[in-house]
Amino acid sequence: MIDTLRAFASRILILQGMLLILALPAVATEQKDAFDISGGFSYHALKVVHSTSSPSLEIVDTTYLIGAWLQSFSGNLSLEKTLANRLEINVALSGGLYYATQDLVTVYFVEDQGRRTSTGLRGSINYIVGDLDRPIMEVKGGYFDFDYTKDLKNLGGYLLRSDMYPGVVYSGGGGSGFFGLGFHSDYIPRLSHDLIVNMEMYYPIGDISFAYVADVDIGDFLNVGAGAVLYRLIQPGDNKDLTSPTTDFGLDEDGERVYYTKAGTKVMGRFSFDPKPLLPPTDFFAEDDLRLYAEAAILGVKNYPTSTKSDGDGTYEVGFDDITERVPVMAGINVPVHPLVANTFVPAGLALFLIAIEPDEAQDNTFRVANDEFDSTAYSSHDEFRWEQETDSVMVVTTDFVPQGFDVKPARPFIWAGASLVTGIGTYLLEKLVEARLRFDVVSIEVEYYGSPYRNVRFRQPAVKPMEKGDKDDWKWSVYAKKSFADDRLAFSLLVACDQTRALDAGGFFTNDLQIIGSNEWYWSLGFDFSF
Amino acid sequence: MINLLRRTSITLTTAIAAVLCTAWCAQAELIDLDKFDLSLLMYARAEQIVKSDIRPEMGYPDVRDMNILDRGLYTVVGGRLGLSALLTERFSGYVCFDGHIWTQPVGEFQPRSITEVTSGGVHEAWARVAFGDIERKPFVLTGGLFNYRYATQMRDLGEYLFRSGVYPGYVFSGSEGYELLGLWLKSTAIPNMTHELFFTSIINEVPNFDLSPSYVGHVNIADVVTVGAGIMFSRLISVREEYTTPDSAITPIAREYVEGHGNVQYTHRGIKVMGRIAIDPKPLFNARLFGPEDLKLYAEAALLGTKNYPKYYEEPAERIPVMFGFHFPCFKLLDVLAIEFEYYGTQYMNDPYNNGVPIPGISRGEEAPSTDLEDHPGDADNWKWAIVAEKTIIDHLTFSAIAARDHYRIEDGNGYYQPHELTVMPGQWYWGLGLKASF
């Protein structure tokens, strides 16, 4: 059945490509002069406040990223040409400067922490089918961006921006890039459909996936959407051995082998609820205020039986027999941006929350003792200790955890609350004084739960050892604020988050390394965007 | 003192940003022009290293004394696509992308690992807003990634304030300006004077990202003499102090016991000061026969780090690069024929990378100063020189030629340079030809 589907899908894909190519000369005579051009740049700086991540380190150091500063700058230039009434071509060039996380170990400074440059390209051909005023469908081919919901500020976007077996989710907004074909239709009023056939650009590269997303507007206060992805449905050439390796399997109830695979089916449901049309008219709320949105997905509808593996640390279970561990869920709300709310309660509440989740501070003490004086029981009074045999001595590292949060500097909550109050009232009065809106455009709070027992990083094989304390990263959260000026051409943004942020690799893609792991770890980020 | 300056700088920057934001918001009337212009630049260069005994970083085997760069040829062909936008009478933007193909220089010895390299990315991207009188634009604020020069008559050497580092000191050379990321406020409100304030992030040398406020100013005296000066508080605001001033527990050599001085803590933070003068005598007489660049005489000196430290930074004279140059009269046959000389008396290699350690002579991958004589050229490399010629025809084609023993470095594929300069000792030099076509 699957093979039949694959064969059918590949023929459809080829046929669609041929149709698109054939359409070009058919419309080439309808030349138009329309030519749109745009450009801009973005600057982002990120500071890690708490993190236990130790990306790519030979020696695990859970304080490695605390205080790390990451900075990036990128520019973009886009050209769009309408070749004919129905045919449009666009090319977007992008590139930037970015850096790996700086390392305290000096000998790695030069090779790993220097400046990197990235280049990117997007390009697609768009073709309109049917009546120009009310097209049946828009067909897009090339490398293009797609975002099925504009509500998401940081978390979510699970259907198209995730991996399976084991499931991996990403943060950074809902959109992503796709290489393939896209079909969009909103011919039926209030109903929107999108079908995307794309080639996967991550390992195993070249697999072909099919995605369908639909949403419907109910009144002017509710938008409901759903979608499904046949992920890596077609595995051309030797990809089948990579996507579905014959080395990883579990045994079913009959003792038969069931091979794990990174291919499968993802499904998603989401809604966006705006209560303002149901409330009495008021100037207090801005356009996006009070919008409540949520999304949930199943990253792999099929269960696989578990199997037992072993390594130097002992045995462990791998497999995918619990569907709830493959369901990420997120919810978000746009807080009213009125200064007396967004500039007062939000920063005060955020400050209290951050103080409350403040992790205990680890105080390490490293020293050496002579071999004949070393007694491993002498350090049991410390919260943790480890030791390493050296040539003529033993290196001992003891760790004691000092409670933080409300236990230290008890004035902090009051200072933050007072500062928030001053900020809110001050902004409100300043608005009156200069007769301009200085308030944020949007302030969003998002929360996510994802109960996967595995590290949220991309693995090459489906059979992966679960992480220790697998639930420490289940909850994620983010607070996002944005203010734009000059017809949205200048925009400042602020993000305080515990999410799946990652550094970039030499090719400008996200690395596998997470910057943030536990739910009480976080960073803040400032962004400046300019577009014209 | 430094802490006071840092606090003042942060406060001032915050205040300026708040005022500018408020001022921007108060601009209710925006005249939307949306004028776009595309620009294209094609460039090609070929340079031959006549003599060198340095091994570049990328792709070469780890061997020394092979003179593998002798008669090595470096070639680059590239293009730039720029888009400028005049959004309102006060508000404009620009973005430019670069892409080029280049080859590592290879001489008689040609390692298999040396191949052509494709590099590129964003070259410049900035937004600019003008304040004050709309005709004169006495205050212009630029933010983003921009290329900057303060002494355009200098063709290869000089412009030390930005093209340098402190502790350890190093300088660059080249015909292009320096890439700065940050804010740049330029004022021409006072006639014949220009004042420029910068607040920039370090993007090219480790430790990355530190913030540096700078000031550059010059006064024009009767179009004959230009006197300029500048100061840079390099790395005044650190994004992570243990990188800027390395923690002795992690980088022990950054805190050293020096006899008679006790423990000395070295830091990358420091103050650079610069002074320069340019004289153009042509306004003093009938100069119709001369081209606009002819007869210009200019000089610059900088102190790369005003503070002395025991052992490595005891002599201010060793931290002062000085250059002077002259544009020969070409009577419009050439646009420029310049000769420039530089003296920089540092006893160490002029390398920007020291593994993030603020003491000189640390080779790549090493944790202690090198004792290799190759890393301590002493006075042998103090003098540099360059001869540059340029000619532009039909407004769009520029030919150039250079022969020099300057701070010649090969790019690193990421828009910057490999750390080692290639023509260090007397007798080592290179020559090159270039072509630019713009429209």
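Here the structure is a predicted model, which means the values were calculated and not measured.

*Asks:* Looking at this structure, how should I read the overall build of chain A?
*Replies:* Tallying secondary structure elements over chain A gives six helices and 27 strands in all. Expressed as a percentage of the 532 residues in chain A, the buried residues total 34%. In chain A, the share of contacts with a sequence separation of at least 24, taken over all contacts with a separation of at least 6, comes to 63%.

*Asks:* Would you mind going over the overall build of chain B with me for this structure?
*Replies:* When helices and strands are tallied, chain B shows two helices and 20 strands. Burial status across chain B gives 39% buried among its 439 residues. Across chain B, the fraction of contacts at a sequence separation of at least 24, relative to all contacts at a separation of at least 6, is 61%.

*Asks:* Please explain unusual backbone geometry as it appears in this structure.
*Replies:* Comment: phi is negative for the bulk of residues other than glycine, and the bulk of peptide bonds are trans. Here Tyr 203 of chain A and Pro 204 of chain A are connected by a cis peptide whose omega angle stands at -5°. Geometrically, the link from Tyr 167 of chain B to Pro 168 of chain B is a cis peptide bond, its omega value of 0° lying close to zero. Tracing the chain through its elements places Pro 168 of chain B in the loop between strand E6 (164-165) and strand E7 (170-171). A positive phi angle is found at Lys 137 of chain B, which is not glycine, with a value near 45°. Tracing the chain through its elements places Lys 137 of chain B in the loop between strand E4 (116-131) and strand E5 (139-148). Positive phi is not limited to glycine here, since Phe 209 of chain B has a value of about 80°.

*Asks:* I would appreciate a short explanation of the environment of Asp 186 of chain A in the present structure.
*Replies:* All names here are of chain A. Residue position: Asp 186 is located in the loop between strand E8 (176-185) and strand E9 (191-199). Under the C-beta neighbour-count criterion, Asp 186 is labelled partly exposed, with 17 such atoms within 10 Å. Along the backbone, Asp 186 and Lys 483 are 297 residues apart, and their C-alpha atoms lie at a distance of 31 Å. Those residues in contact with Asp 186 that lie beyond four places of it in its chain are Leu 191 and Ser 192.

*Asks:* Which parts of the structure should I look at to understand the sheet that holds strand E21 (residues 393-402) of chain A?
*Replies:* One key point about sheets: their strands pair by backbone hydrogen bonds, in either a parallel or an antiparallel sense. Residues and elements named next belong to chain A. The three strands lie next to each other as E19-E21-E20, forming an open sheet whose pairing is antiparallel. Each edge of the open sheet is held by one strand with a lone partner, namely strand E19 (361-370) and strand E20 (384-389). In this sheet, adjacent strand axes meet at a mean angle of 15° when their direction is disregarded. Bridge analysis of E20 against E21 gives six bridges, and the strand direction is antiparallel. Bridge pairing links Glu 388 to Met 395 in E21.

*Asks:* Please explain the domain arrangement of chain A as it appears in this structure.
*Replies:* How big an interface is tends to be reported as the loss of accessible area on association of its parts. Residues and elements named next belong to chain A. Assigned domains within chain A: domain 1 (1-30), domain 2 (33-127 + 501-532), domain 3 (134-337 + 440-477) and domain 4 (361-402). In this structure, domain 2 and domain 3 have C-alpha centres spaced 21 Å apart. Between domain 2 and domain 3, the contact holds 13 residues from the first and 18 residues from the second. Those elements giving two or more residues to the side of domain 2 that touches domain 3 turn out to be strand E4 (115-130) and strand E26 (510-514). The residue inventory of the side of domain 2 that touches domain 3, partitioned by class, reads five nonpolar, seven polar and one charged.

*Asks:* Just to check I follow, could you spell out the environment of Val 140 of chain B for this structure?
*Replies:* All names here are of chain B. Mapping Val 140 onto the fold places it in strand E5. Since 18 C-beta atoms lie within 10 Å of it, Val 140 is described here as partly exposed. Expressed as a C-alpha distance, the spacing of Val 140 and Lys 35, which sit 105 residues apart in the sequence, is 19 Å. When near neighbours in sequence (up to four residues on either side) are disregarded, Val 140 contacts Arg 128, Ala 130 and Lys 186.

*Asks:* I'm lost on the environment of Val 442 of chain A in this one. Help?
*Replies:* Residue and element names in this part refer to chain A. Turning to its location among the elements, Val 442 is positioned in strand E22 (residues 442-449). Put simply, Val 442 and Pro 336 are 106 residues apart on the chain and 7.8 Å apart in space, counted from C-alpha to C-alpha. In this structure Val 442 touches Asp 288, Asn 334, Val 337 and Lys 482, once residues within four positions along its chain are discounted.

*Asks:* Whenever I open this one, the pairing of strand E14 (residues 270-279) of chain B confuses me. Can you help?
*Replies:* Consecutive residues of a regular strand have side chains that alternate between opposite faces of the sheet. All names here are of chain B. Only one face of E14 is buried, namely the one carrying Gly 270, Lys 272, Met 274, Arg 276 and Ala 278, since none of Ile 271, Val 273, Gly 275, Ile 277 and Ile 279 on the opposite face is buried. Pairing between strand E11 (residues 225-234) and E14: 10 bridges, direction antiparallel. Bridge pairing in E14 places Val 225 opposite Ile 279. For E14 and strand E15 (residues 297-304), the ladder comprises eight bridges, and the chain directions are antiparallel. Within E15, the position partnered with Ala 278 by the bridge is Tyr 298.

*Asks:* Even after reading the chapter, I still don't get helix H5 (residues 345-356) of chain A, so can you show me in this structure?
*Replies:* Residues and elements named next belong to chain A. Taking 1.5 Å of rise per residue, the 12 residues of H5 would be expected to cover 16 Å, and the 16 Å separating its terminal C-alpha atoms lies within 8% of that figure. The set of residues buried in H5 consists of Val 346, Pro 347 and Leu 354. All buried residues of H5 project into a common sector of 90° when viewed along the axis, lining one side. Those residues of H5 hidden inside the fold are in contact with strand E18 (329-335), helix H4 (339-342), helix H6 (412-434) and E22.

*Asks:* Explanation requested: the pairing of strand E20 (residues 430-438) of chain B in the structure shown.
*Replies:* All names here are of chain B. Two strands pair when backbone bridges link them, and strand E1 (residues 35-49) and E20 are joined in this way by nine bridges, in the antiparallel orientation. Bridge assignment links Tyr 43 to a residue of E20, and that residue is Lys 436. Inspection of the sheet shows strand E19 (residues 397-405) paired to E20 by eight bridges, in the antiparallel sense. Each bridged residue has a counterpart across the sheet, and for Ala 403 the counterpart in E20 is Trp 431.

*Asks:* For this particular structure, what's the right way to read H6 of chain A?
*Replies:* At 3.6 residues per turn, the α-helix brings residues three or four places apart onto the same side. Between its first and last C-alpha atoms H6 of chain A spans 32 Å; for 23 residues at 1.5 Å apiece the expected length is 33 Å, and the two agree. One or two steps after H6 of chain A, the chain reaches Glu 435 of chain A, where phi turns positive at roughly 55°.

*Asks:* Before we go on, may I ask you to explain the nonpolar core in this structure?
*Replies:* Note that soluble globular proteins tend to have their nonpolar side chains buried in a common cluster. Core analysis: the largest hydrophobic core is formed by 114 residues, its most contacted members being Val 443 of chain A together with Val 95, Ala 125, Leu 145 and Leu 161 of chain B. Here this core spans two domains, since at least three of its residues come from each of domain 2 (33-127 + 501-532) and domain 3 (134-337 + 440-477) of chain A. In contact with Leu 161 of chain B, not counting residues within four places along its chain, are Ser 214, Val 216, Gly 230, Met 232, Lys 272, Met 274 and Ala 302 of chain B. Residues Val 213, Tyr 231, Ala 263 and Ala 463 of chain A belong to the second largest nonpolar core, which totals 33 residues.

Thresholds applied
Residues numbered from 1 in each chain as written. Chains lettered and ligands numbered in written order. Predicted model: local features only at pLDDT ≥ 70, side-chain atom pairs only at ≥ 80, totals over all residues. Helix = DSSP H or I, 4+ residues; strand = E, 2+ residues; numbered from the N terminus. Buried ≥ 20, exposed ≤ 12 C-beta atoms within 10 Å, placed from the backbone. Contact = placed C-beta atoms within 7 Å. Pairing = 2+ DSSP bridges. Axes fitted to C-alpha atoms, helices over the stretch in contact; angles between N-to-C directions. Domains from an automatic or database assignment. Nonpolar A, V, L, I, M, F, W, Y, C, P; charged D, E, K, R; others polar. Expected span 1.5 Å × (residues − 1). Arc of directions from axis to C-beta. Core = buried A, V, L, I, M, F, W, Y, C linked by C-beta atoms within 7 Å.

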